[in-house]
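# Descriptive structure summary
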Protein chains: 2
Amino acid sequence: MVNTLFLPELREMLAENNSFELHEFCTALHPARTAEFMEGLEAADSWSVLRHADLKLREEIFAYFPHEKQIAIIQTQDRSEIAELLADIAADDRVDLLHDVQPTIVEELLPLLPADERREILKLREYPENTAGAMMTTEVAMIGDALTVRKAIDELSREAEHLETIYYIYVVDRDQRLRGVVTARRLLTALGKPDKLVRDLMDIDLIVVHTSDPSQEVTAKVAKYDLHAIPVVDDHERLVGIITHDDVIDAFRQEATEDAQRSAAVAPLEAGYMQTSLLTLWWKRGVWLTVLFVTAMFTASALRYYEGQLIRWGWLIIFIPLIMSSGGNSGNQSATLIITALTTGNIKLSDWRRILWRELLVGLMLGGMLAVAGFCVAWFQTMGPEHKSHSYVWWPLVVPLTLVLVVTCGAVSGSVLPLLFKRLGLDPALMSNPFVAGVSDILAIVIYMTVAVLLLR
Amino acid sequence: MVNTLFLPELREMLAENNSFELHEFCTALHPARTAEFMEGLEAADSWSVLRHADLKLREEIFAYFPHEKQIAIIQTQDRSEIAELLADIAADDRVDLLHDVQPTIVEELLPLLPADERREILKLREYPENTAGAMMTTEVAMIGDALTVRKAIDELSREAEHLETIYYIYVVDRDQRLRGVVTARRLLTALGKPDKLVRDLMDIDLIVVHTSDPSQEVTAKVAKYDLHAIPVVDDHERLVGIITHDDVIDAFRQEATEDAQRSAAVAPLEAGYMQTSLLTLWWKRGVWLTVLFVTAMFTASALRYYEGQLIRWGWLIIFIPLIMSSGGNSGNQSATLIITALTTGNIKLSDWRRILWRELLVGLMLGGMLAVAGFCVAWFQTMGPEHKSHSYVWWPLVVPLTLVLVVTCGAVSGSVLPLLFKRLGLDPALMSNPFVAGVSDILAIVIYMTVAVLLLR
């Protein structure tokens, strides 16, 4: 829902160019709320409002604008004002933004930035997407290991303004190699002994990531060790940046969305659903739809093989979808349970024997339950006199027996395949679902027809 | 992989009861790594090692043990030592732990705890699970609004040891009503003017949650406003606790796991996969498997209705699974894209017209692609002379035309249903997938048979 509460007032202030009221509007609320109230404004109008806030606040409100509005503002508004804004934005967010701005405009903006910010951008842009290097900000609280507590606090209170977080303060040697970490809390409690050396307060067993580590490794480490932020070091163990918890939460959300899309056989979208062009959507969905279509072709071949029997005992046709979907659903359940358990570290590859045993038992229990329902359905659906196969003694057992076997095979193959993919070094979330669907469909038809031929012979 | 690197040494130290070396082991590494190295030890042995660490460190290492080991230790080890440990654990984590300990043991432990910790536990236990009240810790950095910067820092440096985070410092009035917030960074930078009042430094537009707010609201707010921690207030707007980012990350992970399980038609598990009993697994999967079975029964009824035609044109049977799975996959893709876009706020209910239009176009594009493949497959699979329907002029068009219609209907119903559920105030993630599967299966059969009857007439 677009927040339109203040829109008429805002438009009026803009029309009158009422500096005082526009300034008031920008400062009165939390920056996130201010940005919310501007949702209904065009990029150009939003920027006209922002120009009445001082630079620091302007940057904060701007940070809460939707990504598309940010890009629109950067591309259309006065270059030197935009450069001034960009110089103030955290280094990691700035690179993310410029990534989506037209290259010709970036080239125009770069010379307007202060030299060190420009170098910063060129450096960060070199790291590939979804690596720790691309996630980090270079503004990190860093102090020499030879400082005293008093000196350290003096230095920090001077620098604190420019830093994204001072929860952790990193201690480095002369060559900027990371030596230790001290929390702001520890430093504060040590104020009583101001001449103590920082070196004697710091923790030396550090959890770090390297610039080239993938973002999944960063999120996993932060979650595992319950960190507020994680330092990033280069190949020479020099401290080059920090990844803070908000970037980790963003990465988590993105991972969760991508996992959901992958498990529904959509190649992850790079932009939001609404910003993705129809052609891209077509391609991202079409690839996997085609793969699934090819696996479904095998089920067509299997059915063709049994065409004669199916025409002879026509009532068997009725239950094909029921049996295939029961096997597929059971397999999908198992695959998802195993994939989420692997992700959260609840199970390990070495547990495979116990997992298979559990899935075999649960599969039999679920299959047995559905078999009872299947028996009733089959009886009810084939009561008519046109179903001549009723002269066979065992016909009422075909559907229930098939269900037990199909659901159990679905559960077992649904748990084996993700474990197998993991063992082979592939991402189980990416590959498992189409394969489980394909395998369980073919199994379902082969089992169904084999059971039918054996019992109706 | 269990880390067994130090296990032989640890067992030896335990056998010798070598206090010095066990103490060294506990202090040498990051607590998370120390806990890792103890993974192979039983609960009792792990506790014997921990007893050689001082209380603070003991609690830190204990916090990194797997949940099951923590419970085992609490239930089996010396009650007064456990009480001493519990008294030191953060209030929110303590309540989570005691939640899973046998009630009789909790009753034995409670009297051994200091009176205020005991009151704390009884109070926090009253909040229902998955609410802000149950997530929060009560140890929050809180100062009166009449203090000066110098006094505030003095007070904080005394209290800092007991607090989980001092990133945000909350400012309250005499009645403990929340008035404002000041970051530790801001306080540090104000050290130059020690007589300034905290009241004049603080931000007053606060983002808060209430004790009864559901955990999804907490995670959404923290992510939206990029907060390090969020304050929790009671019905009288009094500050009662704080939820820190690590609890938010845990909640995020749990939500992502539950969403994945729901979309695979598994009722979310409360414990890990390995800790869930077979009976519970059976129940959590069986409920949804039965629901899906019932929807599949409708497809059986639909097929039964067309049994005569299917026997007459036997080759139609071969393509039933292919057509149903294409429609189902397309619907599943759309539903997941819409659900994730709703979750991340990328689309709103009011966009429904544009969404339907997009899905209609993408569905036609995808259906068109599969139709080409379907035409080839149908031609190839039914080449044999036994397929007498080849005397009909239009027979090669049955499968392709059906695919276009089925894939498009799948895409549209896959996007309509989540929007509809959202509109009705239901959780789209919970209800959509089974319904989309059921609807698209029945549509597939009805469309297939209608197209066949019209073209082969």
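Provided above is the structure to which this section pertains.
Quick caveat, the model's predicted, so the values are computed rather than measured.

### Quick look at the overall build of chain A
A tally of regular secondary structure across chain A gives 23 helices and six strands. The C-alpha atoms of chain A give a radius of gyration of 31 Å, which is well past the 23 Å a tight globule of 457 residues would have. Taken over the C-alpha atoms alone, chain A extends approximately 95 × 60 × 35 Å along its principal axes. A total of 457 residues make up chain A; the buried ones form 54% of that total. For chain A, long-range pairs separated by at least 24 residues make up 67% of all intrachain contacts whose partners lie at least 6 apart in sequence. One way to put it: in chain A the 40 positive side-chain charges average out to a point 10 Å from where the 60 negative ones average out.

### Concerning the relation of the copies chain A and chain B
Take chain A, turn it by 180 degrees, move it 0.0 Å along the axis, and it overlays chain B with an RMSD of 0.1 Å. Both copies of the chain, as the preceding transformation shows, are related through a two-fold rotation axis. Interface overlap between copies: 100% of the residues of chain A at the interface are likewise at the interface in chain B, consistent with a symmetric, same-surface contact.

### Some words on helix α4 (residues 43-50) of chain A
Residue and element names in this part refer to chain A. For α4, the full list of buried residues reads A43, S46, W47, V49 and L50. On an axial view of α4, the arc spanned by its buried residues comes to 155 degrees, and they lie on one face. Looking at the packing, one finds that the buried side of α4 touches α1 (7-16), α2 (19-28), α5 (55-63), α6 (67-76) and α7 (79-88).

### Description of the interface of chain A and chain B
In this assembly, 118 residues from chain A lie in contact with 118 residues from chain B. In total, about 10,900 Å² of surface goes out of reach between chain A and chain B, with carbon and sulfur atoms giving 66% of it. Our enumeration of links across chain A and chain B arrives at three salt bridges. Linking R285 of chain A and E359 of chain B is a salt bridge whose minimum nitrogen-to-oxygen distance equals 3.2 Å. The tally of links between chain A and chain B comes to 23 residue pairs in polar contact (both at pLDDT 80 or more). A total of 18 residues in the side of chain A that touches chain B trace back to one element, the largest contributor, which is helix α17 (residues 278-305) of chain A.

### Details of the nonpolar core
Counting 100 residues, the largest nonpolar core has W315 and F319 of chain A together with W315 and F319 of chain B as the members making the most contacts within it. Grouped together as the second largest cluster of nonpolar side chains are 70 residues, V240 of chain A together with L124, M136 and Y168 of chain B included.

### Overview of the sheet that holds strand β1 (residues 142-144) of chain B
All names here are of chain B. Here we have three strands laid out as an open sheet, ordered β1-β2-β3, and mixed in their pairing. One side of each edge strand has no neighbouring strand; the edge strands of this open sheet are β1 and β3 (178-183). Going from strand to strand, the sheet's axes swing by 35 degrees on average, the running direction of each strand aside. Both β1 and strand β2 (residues 168-172) contribute to a ladder of three bridges, which runs parallel. Bridging from a neighbouring strand, G144 pairs with V172 of β2.

### Comments concerning the sheet that holds strand β4 (residues 209-210) of chain B
Residues and elements named next belong to chain B. Reading across the sheet, the three strands line up as β4-β5-β6 and stay open at both edges, with mixed pairing between neighbours. With one partner strand each, in any of the chains shown, β4 and β6 (239-244) form the two edges of the open sheet. As paired strands, strand β5 (residues 229-233) and β6 are joined by five bridges and run antiparallel to one another. Note that in β6 the partner of V233 across the bridge is L239. The strands touched by helix α15 (residues 215-225) are β4, β5 and β6; relative to β5, the strand with the most contacts, the crossing angle is about 135 degrees.

### A closer look at a negative patch on the surface
Together, E68, D93, D96, D100, E129 and D250 of chain A together with D226 of chain B make up a region of like negative charge exposed at the surface. Structurally, D226 of chain B can be placed in the loop between α15 and β5. A residue is classified by how much of its surface remains accessible, and D226 of chain B, at 34% relative accessible area, is partly exposed.

### Digging into the packing of helix α1 (residues 7-16) of chain B against helix α4 (residues 43-50) of chain B
Residue and element names in this part refer to chain B. It is the contact of α1 with α4, at a shortest axis distance of 11 Å, that shows an interaxial angle of 70 degrees. Classed by the angle they form, the pair α1 and α4 counts as roughly perpendicular. Residues L10, R11 and L14 of α1 touch α4, and the partners they reach there are D45, S48 and V49. Taken together, the residues that form the contact of α1 with α4 break down as three nonpolar, one polar and two charged.

### What about the pattern of salt bridges?
One pass over the structure, following the stated rule, counts 28 salt bridges over all chains. The salt bridge partner of R177 of chain B is D175 of chain B, with a shortest N-O separation of 3.4 Å. By relative accessible area, D175 of chain B is classed as partly exposed at 44%. Residue R262 of chain B pairs with D259 of chain B through a salt bridge whose shortest N-O separation is 3.3 Å. Residue R262 of chain B and its partner D259 of chain B are both found in helix α16 (residues 245-263); the two are separated by three residues, about one turn of the helix. R262 of chain B gets classed as buried once you look at its relative accessible area, which sits at 18%. The exposure class of D259 of chain B is partly exposed, given its relative accessible area of 33%. When salt bridges that share partners are traced, they join D173, D175, R177 and R179 of chain A into one network.

### Observations concerning the pairing of strand β2 (residues 168-172) of chain A
With five of five residues buried, β2 of chain A lies mostly within the body of the structure. Where burial is concerned, the two faces of β2 of chain A agree: the one with Y168, Y170 and V172 of chain A and the one with I169 and V171 of chain A are both buried.

### A few points about the pairing of strand β5 (residues 229-233) of chain A
Residues and elements named next belong to chain A. Burial runs high along β5: five of the five residues are buried. Across the two faces of β5 the burial is the same, with A229, P231 and V233 and I230 and V232 all buried. Connecting the antiparallel pair β5 and strand β6 (residues 239-244) is a turn made up of five residues, with E237 showing a positive phi of about 65 degrees.

### With respect to the packing of aromatic side chains
All names here are of chain A. Enumeration according to the criterion identifies eight aromatic pairs over all chains in this entry. Between F62 and F65, the aromatic rings sit 6.1 Å apart at their centres with planes inclined by 65 degrees, giving edge-to-face as the arrangement. An identical accessibility class is assigned to F62 and F65; each is buried. Ring plane angle 45 degrees and centroid distance 6.3 Å describe the contact between Y168 and Y170, whose orientation is recorded as tilted. Across from the ring centre of F65, 4.7 Å away, lies the NZ or CZ of K69, which sits over that ring.

### Side note on the side chain of R94 of chain A
All names here are of chain A. Following the sequence through the fold, R94 ends up in helix α8 (residues 91-99). When its relative accessible area of 0% is taken as the criterion, R94 is described as buried. At 3.4 Å, the side chain of R94 and the backbone oxygen of A87 are in polar contact.

Definitions and limits used
- Residues numbered from 1 in each chain as written.
- Chains lettered and ligands numbered in written order.
- Predicted model: local features only at pLDDT ≥ 70, side-chain atom pairs only at ≥ 80, totals over all residues.
- Heavy atoms only, no water.
- Helix = DSSP H or I, 4+ residues; strand = E, 2+ residues; numbered from the N terminus.
- Rg over C-alpha atoms; globule rule 2.2 N^0.38 Å.
- Buried < 20%, exposed > 50% of the residue type's maximum accessible area, 1.4 Å probe, protein only.
- Contact = heavy atoms within 4.5 Å.
- Lys, Arg positive; Asp, Glu negative; His and termini not counted.
- Charge placed at Lys NZ, Arg CZ, Asp CG, Glu CD.
- Least-squares fit on C-alpha atoms with pLDDT ≥ 70 in both.
- Arc of directions from axis to C-beta.
- Buried area = accessible area lost by both parts, 1.4 Å probe.
- Salt bridge = Lys/Arg side-chain N within 4 Å of Asp/Glu carboxyl O.
- Polar contact = N/O pair within 3.5 Å; in protein donor to acceptor, adjacent residues only side chain to side chain.
- Core = buried A, V, L, I, M, F, W, Y, C linked by side-chain atoms within 4.5 Å.
- Pairing = 2+ DSSP bridges.
- Axes fitted to C-alpha atoms, helices over the stretch in contact; angles between N-to-C directions.
- Patch = residues over 30% accessible without salt bridge, like charges linked within 9 Å, V, L, I, M, F, W, Y side chains within 5 Å.
- Areas by Shrake-Rupley, 256 points an atom, 1.4 Å probe, with all protein chains shown as cover.
- Parallel < 35°, antiparallel > 145°, perpendicular 65-115°, else oblique.
- Nonpolar A, V, L, I, M, F, W, Y, C, P; charged D, E, K, R; others polar.
- Phe/Tyr/Trp six-rings, centres within 6.5 Å; stacked < 30°, edge-to-face > 60°.
- Lys NZ or Arg CZ within 6 Å of the ring centre and 35° of its normal.

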